[in-house]
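One letter stands for each residue in the lines below.
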Amino acid sequence: MSRHQNGEEYRNPTEVKKSQIVMPCHANHRQELSVGELLKWMDSTACLSAERHAGCPCVTVSVDDIHFEHTIGVGQVVNIKAKVNRAFNTSMEVGIVVSCEDLFSDTHWSVCRAVATFVSQRTTGGKVQLRPLVPCTQAEQVEHSLAAERRRMRLVHADIMKDLLANRAFQQVEVQEAEKAVPAERTRVESVELVLPTHANHQVNTFGGQIMAWMENVATIAASRLCNAHPTLQSIDMFHFRGPSHVGDRLVLKAIVNNAFKNSMEAGVCAEAYQGEEPLRHINSAFMTFEIRDQEGKPCTLPRIRPEPLEGMRRYQEAIARNKIRLDRKYIISCKQTEVPLSVPWDLSNQVYLSYNNVSALKMLAARNNWLLNSEKNKVSLYTLEQKQVLSFKVETEIDIPAERAFMLLSDLSKRVEWDPNYERCELILRVNDDDFLYRVVTPSIGQDGASNSPSANQGGKVQDFILLASRRPPCDSGDPYVIALRSVTLPTHPPTEGYNRGEVLCAGFSILEVSKDISKISYFNQASPEVLPYISTDIAGLSSSFYGIFCTCNTFLQENRVDHASTPQSQPPSSILKH
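Residues numbered from 1 in each chain as written. Predicted model: local features only at pLDDT ≥ 70, side-chain atom pairs only at ≥ 80, totals over all residues. Heavy atoms only, no water.

If you check an unreviewed UniProt entry, the protein appears there as Acyl-coenzyme A thioesterase 11 from Oncorhynchus mykiss. Looking at the Pathway (unreviewed entry) heading of the UniProt record, one finds this comment for the protein: "Lipid metabolism; fatty acid metabolism." Listed in UniProt under the heading Function (unreviewed entry), the comment for the protein reads: "Has an acyl-CoA thioesterase activity with a preference for the long chain fatty acyl-CoA thioesters hexadecanoyl-CoA/palmitoyl-CoA and tetradecanoyl-CoA/myristoyl-CoA which are the main substrates in the mitochondrial beta-oxidation pathway." (UniProt positions renumbered as here; feature names shortened; annotations may be inferred.)

Put into structure tokens, the structure is as follows:
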């Protein structure tokens, strides 16, 4: 916990806490807290946090993926903490952390984390322009920075689904017939709820958490009907509220199991509202993943499902596509940074998540505040950071060049061979979009003394090559740096080849901060893998200062190209992040 200058403990002004002991009325048949009840508590706590920052009523717009790690029993205490991570122009991201406490054993454990987006609304109607949120601690700075990346991913989520479904592999999926396949129509559920004042806020808008709780209820019934057992909710996919619901609405909730995999099933839920004889209004759709567990808590094998014709088959195919996205997101995003596998196979369906992981890893590395100054020469500084047996280094200096121009020049890796002797060749494999590129980089071999050797001078040795994903990001707000992130990926079209050692880059890249109109602070980071460490080991040991020579060459390159004489397609400004 950080402290103010006067010695008092610092607390985020938007932070809201809720503690609730689980009573039998909150629990299901297993004496565990109903997930629907938990969703209501999470939403109301997050809403209060959003309203603290906005200073006016707020409504839930969307909720990112939620993975439930543990259940909560009767008599245990639920602790919920919510705070605003970042405020954009009219929306804000609120982070939610849920933990559980056993009062008798004094043990605590994590239940889930969630990220929700809220917008503020005037009582007279219309959105409110929000004031910026200033992060004060290292943790707040990291979340503030990553919020822009999460928002970017949120905005393209629907497009990812469309592109994946356009893939012929999903269009040609055939239903595997089984003798005991359960007809999907058997799992269909429909229920109607009347929205009362107790279900709504002071603006008579139905609480988002209440709608989510009703949706979870019908989805649980649908999942139960598939295998005549009580299911456990494992996760809820990212979803958006399409429109508001008010007191007096009749909310029609429909659920059906779309597909069953070996140990999990997906239930789709739709919420629609109406009053009187007006047509149904689409409020929300969500997809929830359930498991059936045996007495030892292990997942059971589920029966096959037989989809309905036409629409049922569409839902069946889409569930397979969503399952792939779900696994990609969990595999790449949800795990801790130290657990992210090296060289994840790249394809268009997981590109957005790999790009997010790439940029977020660099931002988290840059935000560390325990870098140690290793050496300095003519205002070029080399820092090191050791954490969990991983050595990272940072080279930093200020250069007389506008930050945007430096960003354009350094983000084009094909130009790096002009100033970095560790880049022998660099070829652009694919321009994924304006902000993400795939490269193959060839580096010279390293001698026993740490000096680079050319391939011809390397007696029988092999040069190294890397397949890199380069992700570049302009600032989202003033005060944010430009970011160029690099990490290794694998491509089926570019397998390891004879004569080259395939290397790995864990996390590397540039952070470029505008100091003034013509001065930039340029920081280069690298989380040194065994293949990268030899290139910097003599500098870290104090036996050489090659890092200084490379940065001087980089400075010369930037000065010579300070003015953009001829723009190339790749040097055009990257797409900006929408701030609304």
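Past the structure itself, the notes keep going.
Thoughts on helix H5 (residues 208-227)
Between the first and last C-alpha of H5 there are 30 Å, a value that for 20 residues agrees with the 28 Å anticipated at 1.5 Å per step. Among the residues trailing H5, Asn228 stands out with phi positive, at a value near 50°. (Helix = DSSP H or I, 4+ residues; strand = E, 2+ residues; numbered from the N terminus. Expected span 1.5 Å × (residues − 1).)

Some words on the side chain of Glu51
Within the fold, Glu51 resides in helix H1 (residues 35-54). Within the buried core, Glu51 has no salt-bridge partner, and the shortest N-O distance to an opposite charge, that of Arg52, equals 9.0 Å. With residues up to four places along the chain from it excluded, the contact list for Glu51 reads Cys56, Pro57, Cys58 and His202. (Buried < 20%, exposed > 50% of the residue type's maximum accessible area, 1.4 Å probe, protein only. Lys, Arg positive; Asp, Glu negative; His and termini not counted. Salt bridge = Lys/Arg side-chain N within 4 Å of Asp/Glu carboxyl O. Contact = heavy atoms within 4.5 Å.)

Describing H1
The end-to-end C-alpha distance of H1, which contains 20 residues, comes to 28 Å, matching closely the 28 Å that a straight helix rising 1.5 Å per residue would cover. Burial within H1 is extensive, with 16 of its 20 residues counted as buried. By the N-cap criterion, in which a side-chain oxygen at the helix start approaches the backbone nitrogen of a residue two or three places on, H1 is capped by Ser34, the distance to Gly36 being 3.2 Å. Directly after H1, the chain includes Gly55, whose backbone phi takes a positive value near 75°. (Polar contact = N/O pair within 3.5 Å; in protein donor to acceptor, adjacent residues only side chain to side chain.)

Re the side chain of Glu32
With respect to the helices and strands, the residue Glu32 is situated in the loop between strand E1 (16-21) and H1. A relative accessible area of 18% means that Glu32 is categorised as buried. Residues within four places of Glu32 in sequence aside, it is in contact with His26, Ala27, Thr71, Ile72 and Gly73.

Some remarks on the packing of aromatic side chains
Two measures describe an aromatic ring pair: the distance that separates the ring centres and the angle between the ring planes. The tally for this structure, following the rule as stated, stands at seven aromatic pairs. Their ring planes at 55° and their centres at 5.7 Å tell us that Trp371 and Phe525 sit as a pair that is tilted. Of this pair, Trp371 sits in the loop between helix H7 (351-367) and strand E16 (372-377) while Phe525 sits in strand E27 (residues 520-527); the two residues are 154 residues apart in sequence, bridging distant segments of the chain. Here the two residues Trp371 and Phe525 agree in accessibility, since each one is buried. Plain terms: the ring middles of Phe510 and Tyr524 are 5.0 Å apart, the flat faces sit at 55° to each other, and that makes the pair tilted. Of this pair, Phe510 sits in strand E26 (residues 507-514) while Tyr524 sits in strand E27; the two residues are 14 residues apart in sequence, bridging distant segments of the chain. Members of the aromatic cluster, connected to one another through ring pairs, are Phe393, Trp419, Phe510 and Tyr524. Sitting over the ring of Phe88, Arg151 keeps its end group 5.1 Å from the ring centre. (Phe/Tyr/Trp six-rings, centres within 6.5 Å; stacked < 30°, edge-to-face > 60°. Lys NZ or Arg CZ within 6 Å of the ring centre and 35° of its normal.)

Quick word on the nonpolar core
By size, the foremost hydrophobic cluster in this structure holds 72 residues, and its most contacted members are Met42, Met92 and Met265. With 10 residues, the top contributor of residues to this core is H5. Among all residues touching Met42, those that are not within four sequence positions of it are Ile66, Ile80, Ile96, Val98, Cys112 and Ala114. Val395, Ile401, Cys426 and Ala528 belong to the second largest nonpolar core, which has 39 residues in total. (Core = buried A, V, L, I, M, F, W, Y, C linked by side-chain atoms within 4.5 Å.)

Remarks on a nonpolar patch on the surface
On the surface, Ile21, Met23, Leu103 and Phe104 cluster together to form a nonpolar patch covering roughly 450 Å² of accessible area. In this fold, Leu103 is placed in the loop between strand E5 (91-102) and strand E6 (107-120). (Patch = residues over 30% accessible without salt bridge, like charges linked within 9 Å, V, L, I, M, F, W, Y side chains within 5 Å. Areas by Shrake-Rupley, 256 points an atom, 1.4 Å probe, with all protein chains shown as cover.)

Quick word on the environment of Ala260
As for its position among the elements, Ala260 is in strand E11 (residues 250-260). Judged by relative accessible area, Ala260 falls into the buried class, the value being 6%. Separated by 78 residues in the primary sequence, Ala260 and Val182 have C-alpha atoms spaced 9.8 Å apart. Setting aside chain neighbours within four positions, we find Ala260 in contact with Leu226, Met265, Pro303 and Ile305.

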